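The primary structure of each chain is shown beneath.
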Amino acid sequence: MNKTPVVLTIAGSDPYGGAGIQVDAKTIHALGGYALSVPTALTSQNSQGVSDVFAPPIAVLENQVSALLDDMQVDAVKIGMLASAEIVSCVARLIDRYALKNVVLDTVLVSSSGKDLLALDALDILKAELFPRADVITPNLPELNRLLNTDYQGLAEEMDEIGEQLWRMNVKAAVIKGGHSATDSCTDYVLQSDSTPEALFAARVQTSHTHGTGCVLSSAIATGLAKGHALSDSAHIAKAFLTEKLKASDSLKLSYHQLSDNR
Ligand code: PLP
């Protein structure tokens, strides 16, 4: 009997359900995996943005992950919002302690509403401790530019140079997300040191429901890796899944704001 691919998500909790461990678990299950979910931080948020972030004591995170991993093997891990330098280091220790594989690091820094989801003093620690431990990182363009101190626009001709910079920081592979790119499309790029950059083309979907798209993509990639797919195939499947979800999302009317919106 084939074992169900198990994916652990270690990320922020979004009670609104569009991002964080909630949408990760939905994505992992929709793609045929089984989700384990451990929150790094509890956010308060709704359709208008993130209003508060509370990070429980580190021991709670460590105990939750240990309870799961002392009991079962996971096939992939998705890491999202980490809130503080302490949490970054704790997750790095857990990766080593349990020899975790297929680690997808979504470099969550700031919410679209402007709330810091990773403390400023944690940026260098994220680069030093998690870049080398992740099998793939999935920055969007603002995150990439903040992490590299650059001003890339998401153009195909920039990708070789971006790769060179990332390899120097001991990154193993990256999916650069194109949602913020200067182009009309939403093309993502899969960068791997032993092959040329691969474009994942998608036309831009017109919707206001872009909250949590990075969470969906990274947990979908983790699910592909957990099933034994190569990174490129996992990224293609994840991109197609996300594009379908974005197309379907415009009919969602959840909040008072959206209901009074005549679109
Ligand atoms: N809340 C949590 C828990 C998240 O992980 C993220 C992004 O990854 C966000 C909020 C922000 O989502 P967005 O910027 O897409 O609104």
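Below: a short report on this structure. (Residues numbered from 1 in each chain as written. Predicted model: local features only at pLDDT ≥ 70, side-chain atom pairs only at ≥ 80, totals over all residues.)

This part is about the overall build of the protein chain. When helices and strands are tallied, the protein chain shows nine helices and nine strands. For a compact globule of 263 residues, the expected C-alpha radius of gyration is about 18 Å, and the protein chain comes in at 17 Å, within 12% of that figure. When the backbone C-alpha atoms are referred to their principal axes, the protein chain occupies close to 50 × 45 × 45 Å. When each of the 263 residues of the protein chain is scored for burial, the buried share is 48%. A separation of at least 24 residues holds for 72% of the contacts in the protein chain among residues at least 6 apart in sequence. (Helix = DSSP H or I, 4+ residues; strand = E, 2+ residues; numbered from the N terminus. Rg over C-alpha atoms; globule rule 2.2 N^0.38 Å. Buried ≥ 20, exposed ≤ 12 C-beta atoms within 10 Å, placed from the backbone. Contact = placed C-beta atoms within 7 Å.)

Attention now moves to the pairing of strand β1 (residues 6-13). The element β1 is largely enclosed, with a buried count of seven among its eight residues. By the bridge criterion, seven bridges tie β1 to strand β2 (residues 34-46) in an arrangement that is parallel. Residue pairing for β2: L8 is matched across the bridge by L36. Handedness of the β1-helix α1 (residues 20-30)-β2 crossover: right-handed. Inspection of the sheet shows β1 paired to strand β4 (residues 76-79) by four bridges, in the parallel sense. In the sheet register, V7 faces β4, and the bridge partner there is A76. (Pairing = 2+ DSSP bridges. Right-handed = clockwise from strand over helix to strand, strands pointing away.)

This brings us to the site of the ligand. Around the ligand, the surrounding shell holds 17 residues, and the nearest of these are G12, A19, G20, S111 and S112. Of the residues in the shell around the ligand, the class split is seven nonpolar, nine polar and one charged. (Near = placed C-beta within 6 Å. Nonpolar A, V, L, I, M, F, W, Y, C, P; charged D, E, K, R; others polar.)

Quick look at the nonpolar core now. V77, V91, V104 and I221 are the most contacted members of the largest nonpolar core, which totals 75 residues. Element by element, the count of residues in this core is highest for helix α7 (residues 213-226), at eight residues. Apart from the residues lying within four places of it in its own chain, the contact partners of I221 are V104, V136, T138, V175, S234, A235 and A238. (Core = buried A, V, L, I, M, F, W, Y, C linked by C-beta atoms within 7 Å.)

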